Each structure stands twice: as structure tokens, then as C-alpha cells.
Amino acid sequence: MFKTLADAFKVKEVRNKIILTLVLLFVYRLGCWLPIPGIDTGVISEGVSGNTFLSLLSSVSGGALAQGSLLALGVSPYITSSIIIQLLSSVIPSWQVLVKEGGADGRKKIAFYTKVAALIIATAQAIGIAVGFGAAGTTHLSLFGGNEFICYAFIVLMLVAGAMFTVWLGEKITEIGIGNGMSLLIFVGILSSAGTALLTNFQDIGNGG
């Protein structure tokens with residue numbers, strides 16, 4: 001396997017694709033660690049760790065939700081929207097035609113609908129998270145002159161922008177990189193969470209825990 005990878009890396013086109021994929025994955029992981037201004041990450045981390053569902057969502061994004069980061073929503077809005085659009089495509093006659101006979105144009109329209117649905121879902125999730133953050137006292141309302149509404153709106157805007165940026169990264173990896181971009185983002189997120197968990201366990205063992 002390693003010989004195959006080494007041989008593939010010698011091909012300039014393949015090498016460039018691999019490098020671009022790694023760069024875009026690095027950008028994604030960087031965004032998963034950049035906190036939203038006005039968020040107390042310590043309180044967020046405790047709240048997520050105490051909720052099984054939120055912990056699961058956070059693990060998929062590589063701990064981004066627990067960090068209160070810019071890319072806290074990860075790929076979940078896009079995955080949810082993809083499932084919804086696929087279900088609708090099987091029951092709406094005009095969409096069935098797009099899928100079966102629309103060709104490239106049909107796929108583009110379905111992809112557009114998926115992005116719009118992802119935007120709507122991301123907005124709903126972001127509002128829920130912002131309200132949850134506020135209820136837990138995790139926002140610094142000294143931002144924007146202490147205006148609560150503007151502060152929450154800023155958090156929602158950052159989360160939605162982060163979600164759509166994640167969608168863009170996934171599409172770019174698929175377009176110019178190696179493999180399916182969304183699948184790679186999910187894999188990297190889960191791998192990161194698993195690595196962090198293993199490191200914590202080793203530290204506990206080293207400390208006699």
C-alpha cells in the first residue's frame with residue numbers, strides 16, 4: 001500500500017491534488033479551533049460534555065462545538081439537507097425528472113436546493129445554539145455596547161457563515177482534491193475526536209488515574 005502511495009505521489013497531478021486536499025483539511029481543522037468572539041469556551045465545553053446528543057455532534061465536527069468555534073456546526077446542516085432533498089426528490093414529480101433525466105443541469109439544480117436547505121437548517125441550528133449559549137451565560141454582552149440582540153445576531157451570523165464555509169471547503173476538496181470532500185471532513189473530525197480521547201486516556205493512565 002505504501003509503495004502504491006509513493007508511486008502515486010510521484011505523479012505531479014496526483015501530488016498536487018493530495019497537497020491541496022491536505023491544505024484544505026488543515027484550514028477546516030484550524031476553523032474548528034478558532035472560537036467565536038464573545039463565547040466562554042470553558043462553559044460551552046462543560047455544557048456539551050454533559051449532553052449526549054451535543055457530544056455526538058461535537059465528535060463529528062472534531063470537538064468544534066465544544067470549543068464554541070467558528071465551524072461549530074460542521075457538516076451536520078449539509079448532511080441533514082442532503083437527506084431531506086433526497087427524500088423530496090423521490091416524491092416530488094418535477095424533482096424526480098431532474099434526478100433521472102436532468103443530466104448535469106439537473107444535478108446542479110438539486111445541489112442548489114441542497115445548499116439552500118443547508119442554509120435554512122444552519123440558521124435554525126445557529127439560533128438554537130445562540131439562545132442556548134445566552135441561557136447558559138456564555139456570551140460576553142460587553143460586546144457591541146452590551147446589546148443582547150446584536151450580540152446573539154453576531155453569533156448566529158458567525159455560525160451560519162462557518163457552516164456554509166464548511167460546505168464550500170467540502171465542494172472544493174471534491175472538485176480539486178482527492179476523494180469526496182464531505183466524507184473527508186467527517187472522517188477528519190471523527191479522527192481528531194478519537195485522537196484527543198486517546199491522548200486524554202493516556203494522560204490519565206500516566207497520572208495514575
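Just so we're clear, the structure is a prediction, and the values are computed from it rather than from any experiment. (Residues numbered from 1 in each chain as written. Predicted model: local features only at pLDDT ≥ 70, side-chain atom pairs only at ≥ 80, totals over all residues. Heavy atoms only, no water.)

A. Spotlight on the overall build of the protein. Assigned secondary structure in the protein consists of 9 helices and 0 strands. Across the protein, helices and strands are ordered from the amino to the carboxyl terminus as α-α-α-α-α-α-α-α-α. When burial is assessed residue by residue, the protein has 34% of its 209 residues classed as buried. Sequence-distant contacts in the protein: of pairs separated by 6 or more residues, those separated by 24 or more amount to 69%. When the accessible surface of the protein is split by element, carbon and sulfur atoms take 70% of a total near 12000 Å². (Helix = DSSP H or I, 4+ residues; strand = E, 2+ residues; numbered from the N terminus. Buried < 20%, exposed > 50% of the residue type's maximum accessible area, 1.4 Å probe, protein only. Contact = heavy atoms within 4.5 Å. Areas by Shrake-Rupley, 256 points an atom, 1.4 Å probe, with all protein chains shown as cover.)

B. Layout of helix H5 (residues 76-89). When the terminal C-alpha atoms of H5 are compared, their 20 Å separation across 14 residues agrees well with the 20 Å that a helix rising 1.5 Å per residue should span. Along H5, the residues classified as buried are Ser76, Pro77, Tyr78, Ser81, Ser82, Ile85 and Ser89. (Expected span 1.5 Å × (residues − 1).)

C. Looking closely at a nonpolar patch on the surface. Nonpolar side chains collect at one region of the surface, where Phe26, Leu30 and Leu34 lie side by side and expose about 300 Å² of accessible area between them. For Leu34, a relative accessible area of 38% gives the class partly exposed. (Patch = residues over 30% accessible without salt bridge, like charges linked within 9 Å, V, L, I, M, F, W, Y side chains within 5 Å. Salt bridge = Lys/Arg side-chain N within 4 Å of Asp/Glu carboxyl O.)

D. Quick look at the pattern of salt bridges. Per the stated rule, a full pass over the model turns up 2 salt bridges. The residue Lys172 makes a salt bridge to Glu175 at a minimum N-O spacing of 3.6 Å. With Lys172 and Glu175 both in helix H8 (residues 148-176) and 3 residues apart, the pair spans about one turn of that helix. Note on Lys172: relative accessible area 25%, which makes it partly exposed.

E. Quick peek at the nonpolar core. Residues Ile36, Leu73, Ala126, Ile129, Ile155, Val156 and Leu159 are the most contacted members of the largest nonpolar core, which totals 16 residues. Counting only elements with at least two residues in this core, the list comes to helix H7 (103-135) and H8. Sort the elements by how many residues they give to this core and H8 lands first, with 7 residues. Discounting residues that sit within four places of it in the chain, Ala126 has contacts with Leu73, Val156, Leu159 and Val160. Listed in part, the 15 residues of the second largest apolar core include Cys32, Ala64, Tyr78 and Met182. (Core = buried A, V, L, I, M, F, W, Y, C linked by side-chain atoms within 4.5 Å.)

F. Structural detail: the packing of aromatic side chains. Overall, the coordinates contain 3 aromatic pairs when judged by the stated rule. Centre to centre, the rings of Trp95 and Tyr113 are 4.8 Å apart; their planes meet at 15 degrees, and the pair counts as stacked. Here Tyr113 lies in helix H7 and Trp95 lies in helix H6 (residues 93-101), a separation of 18 residues in the sequence. Residue Tyr113 is classed as partly exposed on the basis of its relative accessible area of 28%. On the basis of an interplanar angle of 20 degrees and a centroid distance of 5.8 Å, the ring pair of Phe165 and Trp168 is categorised as stacked. Linking Phe165 with Trp168, this pair stays in helix H8, spanning 3 residues, or about one helical turn. Accessibility expressed as a relative area gives 33% for Phe165, which makes it partly exposed. An aromatic cluster is built from Trp95, Phe112 and Tyr113, whose rings are joined through pairwise contacts. (Phe/Tyr/Trp six-rings, centres within 6.5 Å; stacked < 30°, edge-to-face > 60°.)

By themselves, these observations are geometric and do not establish any function.
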